[in-house]
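Spelled out from the first residue to the last, the chains are:
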Amino acid sequence: MLEQLVSLDQSINLVVGAGFSGAVIANLIANELNEQVVVIDKKSHIAGNSYDFKDENGITIHKYGSHIFHTNYDDVWQFLNNYGSFNTYMHRVLAVIDGIKASIPFNINTLYDVFPNSLAIRLEEKLLKNFEYNSKIPIMEFQKTADDDLKFLADFIYNKVFLNYTKKQWGGAAPEMLDGSVSARVPVLISKDTRYFQDKYQGIPVNGYTKLVENILNHKNIKLLTDVKFLKDDLRLPFKRIFYTGAIDELFNYEYGILPFRSVSFKYETYDLESYQNNTVVNYPNNYDFTRIHEYKHYLREKSSKTVIAKEFSTDFKPGVNEPYYPVVNDESKRLYECYKKLSLEYKNLYILGRLGDFKYYDMDKAIRRAFEVFDMIKKGI
Ligand code: UDP
């Protein structure tokens, strides 16, 4: 299949994977360098894990779980807005704590959601005395506080928000067993901001992520082929450059072992209701086996007499059985990754990128930024 697409003069680029990383690098090579690009994906759809589709009720479902675009990068935001517009959705997450739906990241309002007023007032005063307003404190930092009241609060947040959710999500691992950057994604907010993200730009593409990625790939120099798998032997094909955005251990047939990822699965339920939970995402740190419930219709404020929810369950990743979602980054897996990375450097025209390729817990904007950086390197001839 791929053999038929190579040209003898080695003028064609190959991009493996049609998610954000692959689509953006293909677009830049096609647009700015005016070179030919073939984009392949082993799945039958584009957009990687941001893939969405409208179901029979007219509700846009995020097949691989909620994707909320947020960024502080002007260049990433401007790039995407050339290919689709975004609504002004700002993500707010509720977590069920002691049976109460409370605002997370834990912020000053959350004090009043979960504690009696007098205690909430005392804790608020202590927080404002000890931390700068608007600062963000990772829970593992916050736990180091010397003040007794704040120590009580830190233990409360750790036990009620982080401990059990993290164990469910990361196969039994407590927060301190993971890289600190994981729990730091959801810091304690010393403010009344109830949004999940504080980025300058946030929103959901009004025509969906799939359409957005389709537009990024829509260029006369780009040829897109789905249901095409890339194999290690294909690295020998005379493409000008190969951009690989899949898992690097899979590329090298798991030669040194399997890189650890977490996977997730979804149980869908449809209800004859305008709304099931009046919020896109509700987390259940301490109850049930699922981590959270997504109610998709709220992202694009879609009207329907029915609603669809998805209960998210975290599972071990097994190659060939389910999809890799979250890299489990620790010293051991970093070492394993480096072995594969070294192997990849033997191929001079091979560029690795993407959440799977780089084995990094990228958000969508970081994956796009990385594609920009790879492109800049190529332009500068590095
Ligand atoms: N987390 C938690 N409780 C929550 C939300 C998040 O313990 O209610 C921890 C958990 O370890 C999770 C990490 O913070 O894996 C990052 O959460 P985030 O919402 O960023 O995860 P994503 O949306 O990428 O799945």
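So, a few notes on the structure that sits alongside this text.

Cut-offs applied
- Residues numbered from 1 in each chain as written.
- Predicted model: local features only at pLDDT ≥ 70, side-chain atom pairs only at ≥ 80, totals over all residues.
- Heavy atoms only, no water.
- Salt bridge = Lys/Arg side-chain N within 4 Å of Asp/Glu carboxyl O.
- Helix = DSSP H or I, 4+ residues; strand = E, 2+ residues; numbered from the N terminus.
- Buried < 20%, exposed > 50% of the residue type's maximum accessible area, 1.4 Å probe, protein only.
- Core = buried A, V, L, I, M, F, W, Y, C linked by side-chain atoms within 4.5 Å.
- Contact = heavy atoms within 4.5 Å.
- Phe/Tyr/Trp six-rings, centres within 6.5 Å; stacked < 30°, edge-to-face > 60°.
- Polar contact = N/O pair within 3.5 Å; in protein donor to acceptor, adjacent residues only side chain to side chain.
- Pairing = 2+ DSSP bridges.
- Axes fitted to C-alpha atoms, helices over the stretch in contact; angles between N-to-C directions.
- Parallel < 35°, antiparallel > 145°, perpendicular 65-115°, else oblique.
- Nonpolar A, V, L, I, M, F, W, Y, C, P; charged D, E, K, R; others polar.
- Near = heavy atom within 4 Å.
- Areas by Shrake-Rupley, 256 points an atom, 1.4 Å probe, with all protein chains shown as cover.

Overview of the pattern of salt bridges
Thought 1: Within this structure, the stated rule accounts for 25 salt bridges.
Thought 2: Here K211 makes a salt bridge to E214, at a shortest N to O gap of 3.0 Å. Of this pair, K211 and E214 both sit in helix 8 (residues 209–217), 3 residues apart, which is roughly one turn of that helix.
Thought 3: Among the residues examined, K211 registers a relative accessible area of 34% and is labelled partly exposed.
Thought 4: Sharing partners across several salt bridges, the network here consists of R122, K126, D147 and D149.

Observations concerning the nonpolar core
When a protein is soluble and globular, its nonpolar side chains tend to lie buried together.
Thought 1: Counting residues in hydrophobic clusters, the biggest one holds 91 residues, and the most contacted among them are L80, F115, F142 and L153.
Thought 2: For this core, the element with the most residues is helix 6 (residues 148–169), which contributes 9 residues.
Thought 3: Among residues more than four places away in sequence, those in contact with F115 are F106, A120, L123, F152, L153 and F156.
Thought 4: Ranked by size, the runner-up nonpolar core spans 30 residues in total, among them L5, V16, I248 and L343.

Here we look at the packing of aromatic side chains
Thought 1: The full count for this structure, using the stated rule, is 33 aromatic pairs.
Thought 2: Taking the centre distance of 5.1 Å and the plane angle of 70° together, the rings of Y89 and Y299 count as edge-to-face. Of this pair, Y89 sits in the loop between helix 2 (74–81) and strand 6 (93–97) while Y299 sits in the loop between strand 15 (292–295) and strand 16 (307–316); the two residues are 210 residues apart in sequence, bridging distant segments of the chain.
Thought 3: Residue Y89 is classed as buried on the basis of its relative accessible area of 7%.
Thought 4: Pairing Y326 with Y361 gives two aromatic rings, centres 5.5 Å apart and planes at 85°, and the pair type is edge-to-face. Note that Y326 is positioned in strand 17 (residues 326–327) and Y361 in the loop between helix 11 (354–358) and helix 12 (364–379), a separation of 35 residues in sequence.
Thought 5: Among the residues examined, Y326 registers a relative accessible area of 10% and is labelled buried.

Some details on the side chain of E35
Thought 1: Of note, E35 is situated in the loop between helix 1 (20–32) and strand 2 (36–41).
Thought 2: Overall, E35 belongs to the buried group, its relative accessible area being 13%.
Thought 3: Here the side chain of E35 touches R241 through a polar contact of 2.9 Å, side chain to side chain.
Thought 4: With near-sequence residues (within four places) excluded, E35 lies in contact with N13, I29, A30, N221, K240 and R241.

Brief notes about the sheet that holds strand 14 (residues 281–283)
Thought 1: Pairing in this open sheet of 7 strands is mixed, and the strands run 7-6-14-15-16-13-17 from one edge to the other. Edge positions in the sheet fall to strand 7 (100–104) and strand 17, since each of these pairs with one other strand and no more.
Thought 2: Across 5 bridges, the pairing between strand 6 and strand 7 is antiparallel. Pairing of A95 across the sheet is with A102, part of strand 7.

A closer look at unusual backbone geometry
Thought 1: Of note, the amide linkage connecting I104 to P105 takes the cis form, showing an omega dihedral of 0°.
Thought 2: Structurally, the position occupied by P105 is in the loop between strand 7 and helix 3 (108–114).
Thought 3: The backbone of N134 shows a phi angle near 80°, a positive value even though the residue is not glycine.
Thought 4: Relative to the helices and strands, N134 is located in the loop between helix 4 (117–130) and strand 8 (136–137).

Quick word on the packing of helix 2 against helix 12
Thought 1: Where helix 2 meets helix 12, the closest approach of the two axes is 10 Å, and the angle between their N-to-C directions is 95°. On the basis of the axis angle, helix 2 is roughly perpendicular to helix 12. Residues D75, V76, F79 and L80 of helix 2 touch helix 12, and the partners they reach there are D365, I368, R369 and F372.
Thought 2: Residues belonging to the contact of helix 2 with helix 12 are distributed by class as follows: 5 nonpolar, no polar and 3 charged.

Digging into the site of the ligand
Thought 1: In the neighbourhood of the ligand, 15 residues make up the surrounding shell, with W170, R185, Y196, Y326 and Y361 lying closest.
Thought 2: Here W170 contributes a side-chain N or O atom positioned 2.8 Å from an oxygen atom of the ligand.
Thought 3: Bound to the protein, the ligand loses 93% of the 530 Å² it would expose on its own.
Thought 4: In terms of residues, the shell around the ligand owes the most to one element, helix 6, which gives 5 residues.
Thought 5: Class assignment for the residues of the shell around the ligand results in 10 nonpolar, 3 polar and 2 charged.

Section: the sheet that holds strand 1 (residues 12–16)
Thought 1: One open sheet accounts for 5 strands, arranged 11-2-1-12-18; its pairing is parallel. Both edges of this open sheet fall to strand 11 (222–226) and strand 18 (350–352), since each of them pairs with a single strand only. Adjacent strand axes in the sheet meet at a mean angle of 15°, parallel and antiparallel pairs treated alike.
Thought 2: For strand 1 and strand 12 (residues 242–244), the ladder comprises 3 bridges, and the chain directions are parallel. The partner of V16 across the bridge, within strand 12, is Y244.

No statement about biological role is implied by the geometric values presented.
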